[in-house]
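Chain and residue survey
Each chain, written out:
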Amino acid sequence: MADIIQLLPDHVANQIAAGEVVQRPASVVKELLENAIDADASSIKLLIKDAGKTLVQVIDNGKGMSTTDARLSFERHATSKIRTAEDLFQLHTKGFRGEALASIAAIAHVELKTKQEVDDVGNTIEIEGSKVVLQEVIVTPNGTSVSVKNLFFNIPARRNFLKSDVVEFRHVVDEFHRVALAHPNISFALYNNGSETFNLPISNFRQRIVNIFGIKTNEKLVPVEEDTEVLKISGFVGKPEFAKKTRGEQYFFVNNRFIKSAYLNHAISSAFDGLLKNGTHPSYFLKLDVDPQTIDINIHPTKTEIKFDDEHTLYALLRSAVKHSLGQFNIAPVLDFDRDPNLDTPYSYKNNNADVPKIEVDRNFNPFQTDSKFLGKQTTVFKPTINNWDSLYIGLESKGNDSTNNFSEAHFESEEQNTSIFENENDIEKLHTTYQIHNKYIVSTIKSGMLVIDQNRAHQRILYEDFLKNITIKEAISQQLLFPLELHFSKKDFEIIKQLKVDLEHTGFVFSNVKYESIEIIGVPVGVPESEVSIILEQLISDVENEVPDSHFSATDLLAKSMAKSLAIKTGQSLKKDEQEHLLNKLFACKEPNVSPTNRITFVTMTVDELDKKFI
Ligand code: ADP
Ligand code: MG
């Protein structure tokens, strides 16, 4: 039989290799920034267009390349950083595999401009899908500029796989932060679609953190220092009270390289044991310096995972260093053995009955009744809380009506019904008997049997459809705040809010000022309590961050879902009869009453037959 094995042409091999190195624009950002650092640049600029899909450009003032090196740099396994296998264990550079430029050039249009200080002129090279289309001498400043345009132009499937600009830009910024945090001794700037998003001057580590995450971060940081023979630890952890719902601000740098390590993360979490609220994660920015011989960073093409020779010792050292810092700064609770005996109940009082305090109660007082003599005060002082029934009315009977009076008018809009549980009009009549069980489910009878609704999911569905409608028709009603509400965000989070601003406005938010890291809000959607605003926005940011990788991303949809989740009545909340009925009516007036916005069923039914069977 004839021989059938062939060597793959270089450009095909490069495309395959590119798959490992370049998943998205952020991967290009990482590789180019790292090359600039390896070239000893002291100033690095990153320019992004359309979240990097159209352009990623890195300009550095590093050592540049000679004419030959410029051409060679795009060859696979071409590197100036190691020569022998032994060098792998003495790495002091970010790169060493010689793959990045070759991989990137295989799947994009790349333009390189570079000049060394000793030369009078520089070189430019243009490559499209691994093919050199231009190489000539040019006048250009010392250093290197690499532009990567039209990523995945020749692999449409990969290009289509990219997420929305919001999500891709987020990854770009994450990568930028990681590199910038590891190198406070280098100045960095990020320009997004022509406007400056970050400008980070040379500074110390603490200032770099603050410059990235916002001035408010400064007071949250607790220093961690530890110097042992095997490991030097330096950096900061966030005070426990500032722990976040998301894992966003967690950074380990090993020998100035950002790494991910679930194991070391666990060491930090355990140092925080007992100090954090459930579901929150501590922030940390920790630099570990170890002998390069004791680690292996060669295990993954993107080099974000490394293997340590002695992980257990590292774990123990890290945990105790963080614990020590938290203790030193009086953050860990102190065990209180010396209890003040004066605070104990005197023995003679112990068996006495407590007096019932005398309080006068106005039993006729109804906080929901709008009494004209209170009207002036109430509209300003009364702030509805999330538990208020009002929240069910977001975006509904809003045009100046007193919503509390609308219960009796709640009715089915039968033409909007598209559920099969109702057989005829008589079913609807019977719906008016409802019960709430365990402050969680609402039970009602229907002709065929019974109906059990999950109150939280049902309300999420109602709110979600309302928000979507409001965003689409742009007719949401706002309630004005008495005092503007000023909220601070890290720059990262601020960018997300900025991108969602228009949609947020369509739900009823009114912003008076959106400036560097802070947002001033003067109006919120009707029914949204002021005290919940920051939680809603934080939840929204976290939802954008954790957007399920393969789902189709729509900012509008995500916003509606996120707000519905934040504002829906919760399990555990007791509802009055008319509230239960209204929930039911509203649910079945929805377009898709059967499922919550996150596709979970909102109600189940049980027929009389099924019930009968249980009694056999
Ligand atoms: P690696 O970084 O693993 O060596 P790359 O493909 O990223 O591989 O780069 C190949 C080579 O090109 C580097 O080893 C370096 O010599 C040169 N190079 C790349 N970018 C720059 C830059 N910004 N300044 C100077 N030299 C660079
Ligand atoms: Mg490199």
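Let us look at the structure shown here. Computed from a predicted structure; not experimentally measured. (Residues numbered from 1 in each chain as written. Chains lettered and ligands numbered in written order. Predicted model: local features only at pLDDT ≥ 70, side-chain atom pairs only at ≥ 80, totals over all residues. Heavy atoms only, no water.)

The immediate surroundings of ligand 1 are formed by 18 residues, with Asn 35, Thr 79, Ser 80, Lys 81 and Gly 98 found nearest. For ligand 1, a nitrogen atom lies 2.9 Å from a polar atom in the side chain of Asp 60. Thr 144 places a polar side-chain atom, nitrogen or oxygen, 3.2 Å from a nitrogen atom of ligand 1. Contact with the protein chains hides 92% of the accessible area of ligand 1, taken as 520 Å² for the molecule alone. Within the shell around ligand 1, the residues separate by chemical class into 6 nonpolar, 8 polar and 4 charged. (Near = heavy atom within 4 Å. Polar contact = N/O pair within 3.5 Å; in protein donor to acceptor, adjacent residues only side chain to side chain. Areas by Shrake-Rupley, 256 points an atom, 1.4 Å probe, with all protein chains shown as cover. Nonpolar A, V, L, I, M, F, W, Y, C, P; charged D, E, K, R; others polar.)

Turning to unusual backbone geometry, a few remarks are in order. Even without glycine at this site, Asn 193 takes up a positive phi of about 45°. Mapping Asn 193 onto the fold places it in the loop between strand 7 (187-192) and strand 8 (195-200). Taking relative accessible area as the criterion, Asn 193 reaches 46% and is therefore assigned partly exposed. The phi angle at Asn 599 is positive, at roughly 70°, despite the residue not being glycine. Relative to the assigned elements, Asn 599 resides in the loop between helix 16 (577-588) and strand 22 (603-607). For Asn 599, a relative accessible area of 61% gives the class exposed. (Helix = DSSP H or I, 4+ residues; strand = E, 2+ residues; numbered from the N terminus. Buried < 20%, exposed > 50% of the residue type's maximum accessible area, 1.4 Å probe, protein only.)

Moving on to the side chain of Arg 170. Mapped onto the elements of the fold, Arg 170 is located in helix 6 (residues 165-182). On the basis of relative accessibility, which here comes to 9%, the residue Arg 170 falls in the buried class. Not counting chain neighbours up to four residues away, the residues in contact with Arg 170 comprise Lys 492, Asp 493, Ile 496 and Glu 545. (Contact = heavy atoms within 4.5 Å.)

Let's shift gears to the nonpolar core. The nonpolar side chains of soluble globular proteins are, as a tendency, buried together. Core analysis: the biggest nonpolar cluster contains 59 residues, and Leu 32, Ile 44, Leu 46, Val 148, Leu 181, Phe 188 and Phe 285 have the highest contact counts within it. A per-element tally of this core places helix 6 first, with 8 residues. Among the domains, domain 1 (10-200) and domain 2 (212-328) are the pair contributing at least three residues each to this core. If you look at the next biggest cluster of nonpolar residues, it comprises 33 residues, including Leu 481, Ile 519, Leu 558 and Met 563. (Core = buried A, V, L, I, M, F, W, Y, C linked by side-chain atoms within 4.5 Å. Domains from an automatic or database assignment.)

Turning our attention to the packing of helix 12 (residues 455-473) against helix 16. A pair of packed helices is captured by two measures, namely the crossing angle of their axes and the spacing between those axes. Remark: helix 12 packs on helix 16, axes separated minimally by 9 Å, with the N-to-C direction vectors making an angle of 50°. On the basis of the axis angle, helix 12 is oblique to helix 16. Note that helix 12 runs across helix 16; the crossing there is left-handed. Contact residues: helix 12 offers Gln 455, Ala 458, His 459, Arg 461 and Ile 462, while helix 16 offers Leu 583, Lys 586 and Leu 587. Looking at the contact of helix 12 with helix 16 residue by residue, the classes come out as 4 nonpolar, 2 polar and 2 charged. (Axes fitted to C-alpha atoms, helices over the stretch in contact; angles between N-to-C directions. Parallel < 35°, antiparallel > 145°, perpendicular 65-115°, else oblique. Left-handed = near helix turned anticlockwise from the far one by under 90°.)

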